[in-house]
Amino acid sequence: MSLPARLLPTVATVTRPGQVLDRYGSLVDDWGYGYATTFTILCRVQQVTRDEQDDETRDAAIGTHLLLTNTLTLAAGDRVTAAGTTYEVDGPPAIVQTAAADHHLEATVRLVAG
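**Re the pairing of strand β3 (residues 27–30)**
Looking down a regular strand, the side chains alternate between one sheet face and the other. For strand β2 (residues 18–21) and β3, the ladder comprises four bridges, and the chain directions are antiparallel. Within β3, the residue paired with Q19 across the bridge is D29. If you look at the hairpin formed by β2 and β3, you'll find five residues sitting between the two strands, and G25 has a positive phi there, around 85°.

Now the structure itself:
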């Protein structure tokens, strides 16, 4: 059981970084070609909050959105590009369950522009 496809109108691309060793021997994310992997999902993205950070050094628009999908493999830090806008998964996504099985995934995603 999952969300009906009619409730997930957007095809989005998820980008997940690969990991490489930095010069100190620590694993770090690498978003470069050949390291990052991509896959597509059906989803719905809804705005939850919006804010503006206006200070002397930066003028930024910050939005928090809720992403709903039947794809249960999203992870914190993944980047999701939907309708030409790129969001980052903020924190661990939540898998919503019914008594019978996993139902769908809900993730908080952030958009920062500026």
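This is not the end of the story, as more comes after the structure.
**So, the environment of H65**
With respect to the helices, strands and loops of the structure, H65 is situated in strand β5 (residues 59–69). Classification of H65 by relative accessible area gives buried; the value is 7%. Taking C-alpha positions, H65 is 5.0 Å from V48, a pair spaced 17 residues apart along the chain.

**Focus on the confidence of the model for the chain**
Here the chain averages 89 in pLDDT, while 89% of its residues score no lower than 70. Mean pLDDT in the chain bottoms out at β5, which sits at 85, and peaks at strand β1 (residues 10–16), which reaches 96.

**Points about the environment of G77**
Looking at the element boundaries, G77 is found in the loop between β5 and β6 (79–82). In this structure G77 comes out as partly exposed when scored by relative accessible area, which is 22%. As a C-alpha pair, G77 and G91 span 14 residues in sequence and 7.3 Å in three-dimensional space. Beyond its immediate sequence surroundings of up to four residues, G77 is in contact with W31, E88 and V89.

Procedures and definitions
Residues numbered from 1 in each chain as written. Predicted model: local features only at pLDDT ≥ 70, side-chain atom pairs only at ≥ 80, totals over all residues. Heavy atoms only, no water. Pairing = 2+ DSSP bridges. Helix = DSSP H or I, 4+ residues; strand = E, 2+ residues; numbered from the N terminus. Buried < 20%, exposed > 50% of the residue type's maximum accessible area, 1.4 Å probe, protein only. pLDDT = per-residue confidence, 0-100. Contact = heavy atoms within 4.5 Å.

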